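Report on the structure
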Amino acid sequence: MSFITYLINGISLGSVYSIIALGYTMVYGIAKMLNFAHGDVIMIGGYIIFTIMSTMGLNPILAVVISIILCTLLGITIEGIAYKPLRRAPSLAVLITAIGVSYLLQNIALLIFGAEAKSFTSVIPIKPISLVGGRITISGETLVTIPLCILIMTGLTIFIKKSKTGRGMIAVSEDKDAAILMGINVNKTIAITFAIGSALAAIASALMFSTYTNLSSTSGAMPGIKAFVAAVFGGIGSIPGAMIGGILLGVIEILSRAYISTQLGDAIVFLILIIVLLVKPTGILGKKIQEKV
Amino acid sequence: MEMLSVKNIGISFGGLQAVDSFSITINKGELYGLIGPNGAGKTTVFNLLTGVYKPDMGQIFLEGENITGLSTIEINKAGIARTFQNIRLFKNMSVLDNVKCGLHNNYKYSSASGILRLPSYFKTERIMNEQAYEILKVFDLDKEAKLLSSNLPYGKQRKLEIARALATNPKLLLLDEPAAGMNPSETEELMDTIRLVREKYDVTILLIEHDMKLVAGICEKIFVLNFGVKLANGLPQDVLNDPEVIKAYLGE
Amino acid sequence: MKAQLVKMKSQVQKLNRSTRSNVITIGVIVIAYTICMSMIKAGNMSNLLQNLLVAMCYYAIMAVSLNLTVGILGQLSLGHAGFMCIGAFTGAFFSKIMVGTIDNVLIRFTLAILIGAAMAGLFGVLIGIVVLRLRGDYLAIVTLAFGEIIKNVLNVLYIGYDSRGIHFSVNDTASLNLEEGGMVIIKGAQGISGTPRNSTFTIGVILLILTYLVIVNLINSRSGRAIMAIRDNHIAAESIGIDITKYKILAFSISAALAGVAGVLYSHNIATVQSTKFGYNTSILILVFVVLGGMGNLRGSIIAAILLTVLPEYLRFMRDYRMLIYAIVLIVMMIFNWAPACVNWRKKHSLKGFIDNKIRKKAKEEA
């Protein structure tokens, strides 16, 4: 029975990865850049919720809403200041800038909140439920995370397929220059993409820190990198790919921690990334891109 | 003697037949022109010949040897070198080093003797320098040898690309729009250089051009491609007077 | 004396430009070294700085070697510290086993450096074969993954040594089943301690000069040109018959081997070597040196590594803000180098632009 508990926990963690991976995958698909700082927006989101709840004592839901708004603004600001001027720069330069932004966010948090880890209070007031006579327990966080992930995924797919902005995003991701000629505001489209990605990061932070309550300036980095692994796993640029990749990764991580080695969990996750990239360099649902000669 | 013999090669990209049953025979020493309207598939033919794309069907023979499906590197070693429509120089390297890169497989010494500066390094480098300067002289680039290649004017960048390709000592040279963006006098000069190169280095040349007059002035034979299929093939005067060719270029 | 100097000068002028610049670089390193040594002798150097001398050397070696991958080969690696880790552990392991067998410190330490470099280079080849097929962002993330795997595996690895040979375990010391008198060398998360402290400033400087020479000579050779051709345009490089995979792996593994050298220097300079020191953060730190010194600019890497190792120790306020400042430096450097507005501004205000404008104005006036 413990296997089923692990599996459920894995799906729950995987759902969080999926939500983070969505942000990665959308930004990569549309702005063609690897936003290394995405994971650190999660950390900032965590601190915002923590501060609001502990100092102002506001309602958790309200705290999450404020965190979503602030993170969205943060995402737009980062894009506007650091990434927008580099739209035509080589990808190496953009990637290094993103690493710089990641470090900047981490160190700002470190200076404000100190090196000591904070203990995050769950924002989900639902009690865990027991099944099969108490042999399987599902936490309240899991009960919220999994349906919420499905909801976000469906909503986002509909938004991109049906709305004008969403179709603009597809156009920009296919061909930036052609999109400009078709009258699409590329800068605005990219800014919206960052806004959505950062809002999702804020939601993910609320869910993640409710389960894994240790909050420090580097707590966003690893989940961020793993979410990127998930995005690559599923095929970067693909929304269902991010979902599949995220959940697979979460399950693999929890199961390998439980059955192989606690300390080598991360190493196993990375090993799987490498194997996937070697067997199918574009991921499970990725499209093949050929360079024009 | 046949230098290149292409038999019915073709490739399609997601349902679009970019090149269909393309066949051509080029004899040793010939200067062949490949022309056609925009999007006719000329560069795709070059990409097929140099192994950038693998053909879905057909076969390619270089001096009777089957080179179908070989990698770009192996095809270059077999004796085909090319230039690119959009210039692809090594921008952060000097003009001289660009040509010395072309000499890469002709003059060898190990990485270790390079790092340890063994005698073979000095000996081979000296020969490579001499060779590179000789080629640069043909293209009137020897005075700019130490310049960064990206600082050359446009026309000279095109020439340097030909020089680099020539340095690999090819049997067959593929030139993709060598005169693009050049003014009439530069073009004239380039055509003279191409003729000179053919004599001096004993290479067979296949070139893509848009300007029909120019092609007629230099090529001994012309192949016209339209929508991936052959429209005409033969001597310049015959091809250029072909009503089908005129129709493809000027419309109805 | 004067005649000799004139003769030397004319000899230096005869050398070609790249050789001359190498002679100057090495000369500056040697002069800096002499100044440091005489300061130590005269007792003018603070303990703080003396403790940093070897660190400067290994960070400079790391920066120069990473520059080979990032600046010369043009591939972003985020796992360079992983190779340093392999070098550090291999070298320390060798020295600890051999401490009783090889008495001559110089021979033992030289062997340790060679073995550390060879092991790191071997991993460079293996990892290179696997990852160098990928491009750009994918390569960056996979090198990061490899760096983390190396760190994590060494963090749980126990290795012991007794008369029956070497024993491995990923659990604990007890499961090594050592005989009486056996020695545990690598203790999982506690790493290796008690490595002979053989690293000196002199050895560090010699290794730095050797590293610099290896890379500079490589760049100015047939293989180096092939590597830079791949960086500038891999499609054109293939079209002239350059074996892309071969030269990518060559550059990557040389870079890894030299990082291994830095690792050996590190592990013989410090009481305890732990794998957690070689994480992603260290790789980024080295990348900051490379970016700040200028990609492809080896001298810049050395200067940046030395300055950024020394400065934070001296400027106390910098200690707290050190990483913050690095982050801002990275962002500003990239924007300054690549943003269209900055590129135009630089063109307008650079010396060359100023002179060009003067010439143009003069030509106009004359007309």
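What counts and how
Residues numbered from 1 in each chain as written. Chains lettered and ligands numbered in written order. Predicted model: local features only at pLDDT ≥ 70, side-chain atom pairs only at ≥ 80, totals over all residues. Helix = DSSP H or I, 4+ residues; strand = E, 2+ residues; numbered from the N terminus. Buried ≥ 20, exposed ≤ 12 C-beta atoms within 10 Å, placed from the backbone. Contact = placed C-beta atoms within 7 Å. Core = buried A, V, L, I, M, F, W, Y, C linked by C-beta atoms within 7 Å. Nonpolar A, V, L, I, M, F, W, Y, C, P; charged D, E, K, R; others polar. Axes fitted to C-alpha atoms, helices over the stretch in contact; angles between N-to-C directions. Parallel < 35°, antiparallel > 145°, perpendicular 65-115°, else oblique. Pairing = 2+ DSSP bridges. pLDDT = per-residue confidence, 0-100. Expected span 1.5 Å × (residues − 1).

Moving on, we come to the overall build of chain C. On a plain count of helices and strands, chain C comes out with 15 helices and 5 strands. The C-alpha extent of chain C, read off along each of the three principal axes, is 95 × 55 × 45 Å. Counting every position in chain C, which comprises 367 residues, the buried fraction comes to 49%. Contacts in chain C between residues at least 24 apart in sequence constitute 76% of all its contacts with a sequence separation of at least 6.

Moving on, we come to the overall build of chain A. In terms of regular secondary structure, chain A is built from 11 helices and 4 strands. Here the C-alpha coordinates of chain A stretch approximately 60 × 45 × 35 Å along the principal axes. Taken across its 293 residues, chain A has 51% of its residues classed as buried. Considering only residue pairs separated by 6 or more positions, chain A has 75% of its internal contacts joining residues 24 or more positions apart.

With that settled, consider the nonpolar core. Nonpolar side chains tend toward joint burial in soluble globular proteins. Residue and element names in this part refer to chain C. Judged by nonpolar contacts, the single largest core of 283 residues is most densely connected at Ala60, Ile61 and Ala63. With 16 residues, the single largest contributor to this core is helix H3 (residues 47-72). With sequence-adjacent residues up to four places away left out, Ile61 is seen in contact with Leu207, Leu208, Thr211, Leu258, Val261 and Ala262.

It is worth spelling out the interface of chain C and chain A at this point. How big an interface is tends to be stated in terms of accessible area lost as the parts join. On the side of chain A, 35 residues touch chain C, which itself brings 33 residues to the contact. Residue assignment for the side of chain C that touches chain A shows that the elements contributing at least two residues are helix H6 (136-156), helix H11 (280-293), helix H13 (316-338) and helix H14 (340-349) of chain C. Ranked by the residues each element gives to the side of chain C that touches chain A, the list is headed by H6(C), at 13 residues. Residues that form the side of chain C that touches chain A fall into these classes: 27 nonpolar, 4 polar and 2 charged.

The next thing to look at is the packing of helix H6 (residues 164-174) of chain A against helix H8 (residues 186-211) of chain A. Residue and element names in this part refer to chain A. Running from N to C, H6 and H8 cross one another at 105°; their axes reach a closest spacing of 10 Å. By the angle between their axes, H6 is roughly perpendicular relative to H8. Contact with H6, carried on its side by Thr165, Gly168, Met169 and Val172, involves Val186, Thr189, Ile190, Ile192 and Thr193 of H8 and no other residues of that element. Of the residues in the contact of H6 with H8, the class split is 5 nonpolar, 4 polar and no charged.

Our next topic: the pairing of strand S7 (residues 172-176) of chain B. As a general feature of sheets, a regular strand has side chains that alternate between the two faces. Residue and element names in this part refer to chain B. Of all 5 residues making up S7, 5 are buried, and the element is well covered by its neighbours. Every second residue of S7 is oriented toward a common face, with Leu172, Leu174 and Asp176 on one face and Leu173 and Leu175 on the other, all of them buried. Across 3 bridges, strand S6 (residues 80-82) lies against S7 in parallel orientation. Looking at S7, one finds that Ala81 is bridged to Leu173.

Further remarks concern the interface of chain B and chain C. Taken together, the contact pairs 28 residues of chain B with 21 residues of chain C. Broken down by secondary-structure element, the contributors of at least two residues to the side of chain B that touches chain C are helix H2 (72-78), S6, helix H3 (95-102), helix H4 (111-115) and helix H6 (154-167) of chain B. Considering only residue class, the side of chain B that touches chain C consists of 10 nonpolar, 10 polar and 8 charged.

With that settled, the discussion passes to the sheet that holds strand S5 (residues 65-66) of chain B. Residue and element names in this part refer to chain B. Sheet architecture is open: 4 strands sit in the order S2-S1-S4-S5, paired in antiparallel fashion. With partners counted over all chains shown, the strands left at the sheet margins are strand S2 (16-27) and S5, one partner each. Bridge count between strand S4 (residues 57-62) and S5: 2 bridges; the pairing is antiparallel. In the strand pairing of S5, Phe61 is matched with Asn66. Sheet strands in contact with helix H1 (residues 42-49) are strand S1 (2-13), S2 and S4, and its direction is about 65° off that of S2.

On to the confidence of the model for chain C, then. A low pLDDT means the predicted coordinates there should not be read in detail. All names here are of chain C. Per-residue pLDDT for chain C averages 87, and the proportion of residues at 70 or more is 91%. Considering each helix and strand of chain C separately, the mean pLDDT is smallest for helix H1 (residues 2-14), with a value of 58, and largest for helix H10 (residues 244-267), with 97. Predicted complex metrics record ipTM = 0.93 and pTM = 0.87.

Residues and elements named next belong to chain B. Here we have 6 strands laid out as an open sheet, ordered S6-S7-S8-S3-S9-S10, and mixed in their pairing. Looking at which strands have only one partner, the edges of the open sheet turn out to be S6 and strand S10 (229-234). Averaged over all pairs of adjacent strands, the angle between their axes in this sheet comes to 20°, without regard to strand direction. Examined bridge by bridge, S7 and strand S8 (residues 204-208) share 5 bridges and lie parallel to one another. Within S8, the residue paired with Leu175 across the bridge is Leu207.

Here we take up helix H5 (residues 140-162) of chain A. Residues and elements named next belong to chain A. Spanning 23 residues, H5 covers 33 Å between terminal C-alpha atoms, matching the ideal 33 Å at 1.5 Å per step. Restricting attention to buried positions, one finds in H5 the residues Glu141, Thr142, Thr145, Ile146 and Cys149. Packing partners of the buried residues in H5 comprise helix H1 (2-31), strand S3 (136-138) and H8.

Here the focus is the environment of Glu74(B). All names here are of chain B. Topologically, Glu74 is positioned in helix H2. Take Glu74: there are 13 C-beta atoms within 10 Å of it, and that puts it in the partly exposed class. C-alpha of Glu74 to C-alpha of Ser5: the two residues are 69 residues apart in sequence and 17 Å apart in space.

Residue and element names in this part refer to chain B. Residue Glu63 is not a glycine yet carries a positive backbone phi of 50°. As for its position among the elements, Glu63 is in the loop between S4 and S5. Positive phi values are uncommon outside glycine, yet Asn169 reaches one of about 60°. Within the element layout of this structure, Asn169 appears in the loop between H6 and S7.

Moving on to the pairing of strand S9 (residues 221-226) of chain B. All names here are of chain B. Judged by how many residues are buried, S9 sits mostly within the fold: 5 of 6 residues are covered. Pairing of strand S3 (residues 31-35) with S9 involves 4 bridges; the strand directions are parallel. By the bridge assignment, Leu34 is partnered in S9 with Phe223. Pairing of S9 with S10, which is carried by 5 bridges, proceeds in the antiparallel orientation. Bridge pairing in S10 links Phe223 to Asn233. Where S9 folds back on S10, the antiparallel hairpin that results is connected by 2 residues, among which Phe227 adopts a positive phi of roughly 50°.

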